[in-house]
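Structural description and commentary
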Amino acid sequence: MNTEPTSIQNGAESIHLQVEGMSCASCVGRVEKAIKAVPGVQGASVNLATERADIALGSADRMAVVQAIEKAGYPVKTGPVELRIEGMTCASCVGRVERALQAVPGATEVSVNLATERAVVQGVADPRALIAAVAKAGYEAELVEAGIADTGESDEARKDEERLALRRDLFIAVALALPVFIIEMGSHVIPGMHELVMRTIGMQESWYLQFILTTLVLLFPGRRFYAKGFPALARLAPDMNSLVAVGTLAAYSYSVVATFFPGLLPAGTVNVYYEAAAVIVALILLGRYLEARAKGRTSEAISRLVGLQPRTARVVRDGSAVDLPVAEVVAGDLVEVRPGERVPVDGEVVEGGSYVDESMITGEPVPVEKTVGSQVVGGTVNQQGAFSLRATAVGGKTVLAQIIRLVEQAQASKLPIQAVVDKVTMWFVPAVMAAALLTFLAWLAFGPSPALTFALVNAVAVLIIACPCAMGLATPTSIMVGTGRGAELGVLFRKGEALQLLKDASIVAVDKTGTLTEGRPALTDLELTEGFSRSSVLAAVAAVESRSEHPIAQAIVAAAREEGLELPAISGFSSVTGFGVHAQVAGEDVQIGADRYMRSLGLDADVFADTAARLGEEGKSPLYAAIGGRLAAIIAVADPIKTSTPDAIAALHGLGLKVVMITGDNRRTAQAIANRLGIDEVVAEVLPEGKVEAVRSLKDKHGRLAFVGDGINDAPALAQADVGLAIGTGTDVAMEAADVVLMSGNLQGVPNAIALSRATIGNIRQNLFWAFAYNTALIPVAAGVLYPAYGVLLSPMFAAGAMALSSVFVLGNALRLRKFQPPHA
């Protein structure tokens, strides 16, 4: 169903409606105006490319909104609502449920099936009203969510059907218009053609033939323009279809009068313009068809994401594995994944292991190792191994489903830059019709003989060339392609505004832990004195530290286990306050602690003086280990910097941005890390609640700021920043507070997002410049301003071709974003 309520924002229910029949930016403005005129509506955003209206209902009635849109002349797309009904036992139950559902406003067709216990309702009825009606009738109802793949397939099928209809109409129009064009225009430009027509067909007969062919063009392929254009005109809300309808009908009607009632026209004005009407329809259908094909490609990213969902899953039921549709998998099911298969649902590996290609989620090409306890994401590709997983999220709750929803929301959003376009285009079509009327009157009054002919041709040219399709498509198509390309790179724009704001960021503030670093302590350094081996020292130290819950101790234990070392038994464990720990391992004393502990034991730690100095410069605090009364090793544990971080910071610098690190670490450690990474500024020793103030201060000092974080304590700072970017491996709270989610889990997503923002907004500006410059330059030419000086007039046919070309140019330019390449250091 395309009309379901989706969320509550600031206390207002937000719904999405699919609106059909919009063909230009004027339509968008009229639909928005109609929605906002409904009492109680708090806000509305209509997108031409996705044919979707996002509405904050407030206290408004949903059906009142639907009726307002349809009253404005744009049908709201009806879609089936499927309900699961409980409590039906016989045909009488079926009848009662059907009658209850049919009584709900907006329900046009109801079908209830006793065997499947399902009800399918056609129309635009509120799903909650349907559920309430069933409950009132004495039964229980639950909304059945359509699967991701089903939704994508039905949408794609609708678009394919539209493209096929356009192609069919285009071929018919071309086949009928071509002879008209050849007969009429050929007589003007091909030597001897006029004489050939006169000798074989005759002038009047050729006009009759053109009349028949052009009538067929307007009645069949061209009917769509009149069916939508004239009703819009009658409502005093003309759109693109109105311009085409009025222009072609004016040329056709004039030609009909010239053909059958020439005496009604002034002397010297008897001429026909059938070719203009026929060829205009053919050319505009060509533009529409190319538009439909290009618009299909703008949503390819969504289609590809939808296509990543496997159709079946191998589920263990009653002790044996069976292949089931993915829609039938439930949370808690045990699912087997074989080599080369796509992971069907989100889950946790419970048996086996493999490497999984997660590039569709993160944009990272290197497969990730998965072992028992690892989380896997539905839609990712298993490599050589096999494993079993316990399903943790299915259907609309999977990561893939959430990604698709985020991309769809971003694609449907309206950027601030679009507000100006909307204001202009709202009045554009009426202004064009006024300009065409003025052109007609001016040529009729002041034009050379035959003035009526000149007046008609130039007025029609103005009507046809000024269709604002390109203006309406300029912004949304770029957003669709840009956000889709972002999803492929692991950059999800949760809010469309971020796409515009991010390009103006002059400074990037970065949280350290979990963003620059891995977010957990790890063994980074282990240097030995002569006579000791790494494995024996690490095993002994880890065995002693295994008695401690301190994060540093746990990191040493984890390192030993990762290296496959078996920890020996220990005895006599004790903690020496202020110094370190002590125990016996295999009969030998093992002491671990700071340099002062070693000195208290009479051991000289200066042999590691150079290493200790280096560790200090890196912001690490060294530990020393003594075994059997001898100094054995110097050890350092730290939160390691992600391997991708240095290149990401270099890429940010390459984009001309300053990078600031915000951290709770002491200043010395923070500055050491900043020096290693080339970070421009450090804000250290910041408490979690101080991050918001730090962000506010940096904004005041440097201008527009993007903040990157991953933890719960980063959420307020993410919200305070002009644009918040959350590392996707972080917490749900951080991602909810962010404007952009980076699924890759590393900082490289930040320069990718900023560069993509700049590329997308640049693309939108190119499109808008073309659309406005085209209309600004060519409307006066079509009106005939060049005729007095140069004798140049613009044929309505060329006007139609130029109009179609402008839309195709805008779409083609937007599609260039599909080839966007992320910046590298």
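All values derive from a computational prediction rather than experimental measurement. Residue positions are given per chain, counted from 1 along the sequence in the order it is written. The model is predicted, so local features are restricted to residues of pLDDT at least 70 and side-chain atom pairs to those at 80 or more, both for listing and for counting; the totals for chains, interfaces and linings are taken over all residues. Excluded from the side-chain calculation are hydrogens and water; included are all heavy atoms of the structure.

For helices the rule is a DSSP run of H or I covering at least 4 residues; for strands it is a run of E covering at least 2, with both sets numbered from the N terminus onward. Residue position: alanine 559 is located in helix α21 (residues 551-562). The classification of residues rests on relative accessible area computed with a 1.4 Å probe and restricted to protein chains. Under 20% of the type maximum is buried, over 50% is exposed, and intermediate values are partly exposed. We classify alanine 559 as buried; its relative accessible area is 10%. For the pair alanine 559 and alanine 539, spaced 20 residues apart in the sequence, the C-alpha separation amounts to 9.5 Å. What alanine 559 contacts, discounting residues up to four positions off in sequence, is Leu523 and Leu538. We call two residues in contact when some of their heavy atoms are within 4.5 Å.

The next subject is the nonpolar core. We call a set of buried residues a nonpolar core when its members are Ala, Val, Leu, Ile, Met, Phe, Trp, Tyr or Cys and they connect through side-chain atoms within 4.5 Å of each other. Counting residues in each nonpolar core, the largest one holds 91 residues, and the members touching the most others are Met22, Ile35, Ile55, Val65, Ile69 and Ile284. Counting residues per element, this core draws most heavily on helix α10 (residues 274-298), which supplies twelve residues. Not counting chain neighbours up to four residues away, the residues in contact with isoleucine 284 comprise Phe225, Met240, Val244, Ile464, Ala800 and Met803. Core analysis: the next-biggest nonpolar cluster, separate from the first, contains 46 residues, Ala474, Leu516, Ile649 and Ala684 among them.

Moving on: the sheet that holds strand β21 (residues 580-585). Across the sheet, six strands lie side by side as β19-β24-β23-β22-β21-β20; this open sheet has antiparallel pairing. Both outer strands of the open sheet, β19 (522-528) and β20 (570-576), are each paired with one neighbouring strand and no more. In this sheet, neighbouring strand axes are inclined to one another by 20° on average, regardless of whether the strands run parallel or antiparallel. Criterion used throughout: strands pair if DSSP finds at least two bridges between them. Where β19 and strand β24 (residues 630-638) come together, six bridges link them in antiparallel fashion. The residue of β24 that forms the bridge with aspartate 525 is alanine 636. Axis definition: a line fit to C-alpha positions, over the contact stretch in the case of helices; interaxial angles, taken between N-to-C directions, run 0 to 180 degrees. On top of the sheet, helix α20 (residues 534-545) reaches β19, β20, β21, β22 (588-593), β23 (622-627) and β24; it is set at about 130° to β19, its chief contact. Against the sheet, α21 contacts β19, β23 and β24, and its axis sits at roughly 105° relative to β24.

Before going further, it helps to spend a moment on the sheet that holds strand β18 (residues 507-511). With mixed pairing, the seven strands of this open sheet are ordered in space as β17-β29-β28-β27-β18-β25-β26. If you trace the sheet from one side to the other, it starts and ends with β17 (491-493) and β26 (681-683), each paired once. With strand direction ignored, the average angle separating the axes of adjacent strands in the sheet is 20°. Pairing of β18 with strand β25 (residues 658-662), which is carried by five bridges, proceeds in the parallel orientation. Looking across to β25, one finds that alanine 509 is bridged to valine 660. Those strands touched by helix α25 (residues 667-677) are β25 and β26, and its axis lies near 150° from that of β26. Contacts between helix α29 (residues 749-783) and the sheet are confined to β17, β18, β27 (705-709), β28 (723-727) and β29 (740-742), with β17 contributing the most and set at about 50° to the helix.

Right, let's talk about the UniProt feature "transmembrane region" (unreviewed entry) in the protein for a bit. UniProt positions are given in the numbering used here, feature names are shortened, and annotations may be inferred rather than shown by experiment. UniProt marks residues 170-190, 206-222, 243-265, 271-290, 424-446, 452-475, 768-787 and 793-815 with the feature "transmembrane region" (unreviewed entry), using the numbering shown here. Within residues 243-265, the helical portion is 78% and the strand portion 0%, while the C-alpha atoms at the span's ends are 25 Å from each other. Helix makes up 85% of residues 271-290 and strand makes up 0%, while its end C-alpha atoms are separated by 33 Å.

Before going further, it helps to spend a moment on the confidence of the model for the protein. When pLDDT drops low, the exact placement of atoms in the prediction is not to be read closely. For every residue, the pLDDT score states the predictor's confidence, bounded by 0 at the bottom and 100 at the top. Taken over all residues, the pLDDT of the protein has a mean of 82, while the share at 70 or more is 86%. Per-element averaging of pLDDT across the protein places strand β1 (residues 5-9) at the bottom with 45 and strand β11 (residues 334-337) at the top with 94. Of the regions scoring below 50 in pLDDT, residues 1-11 engages in 33 contacts with residues more than four places distant in sequence or in other chains. With pLDDT under 50 throughout, residues 147-152 is counted as low confidence; its partners more than four residues away or in other chains account for nine contacts.

Attention now moves to the side chain of threonine 515. By secondary structure assignment, the location of threonine 515 is in helix α19 (residues 512-516). Residue threonine 515 is classed as buried on the basis of its relative accessible area, which comes to 0%. Polar side-chain contacts of threonine 515 include one of 3.4 Å to the backbone oxygen of aspartate 511. Ignoring sequence-local partners within four residues, the contact set of threonine 515 consists of Val510, Lys642, Thr645, Val708, Gly709, Asp710, Ile727 and Leu747. Contacts described as polar in this section are N or O atom pairs within 3.5 Å, which, within protein, must combine one atom able to donate a hydrogen with one able to accept it, while residues neighboring in sequence count only if both atoms come from side chains.

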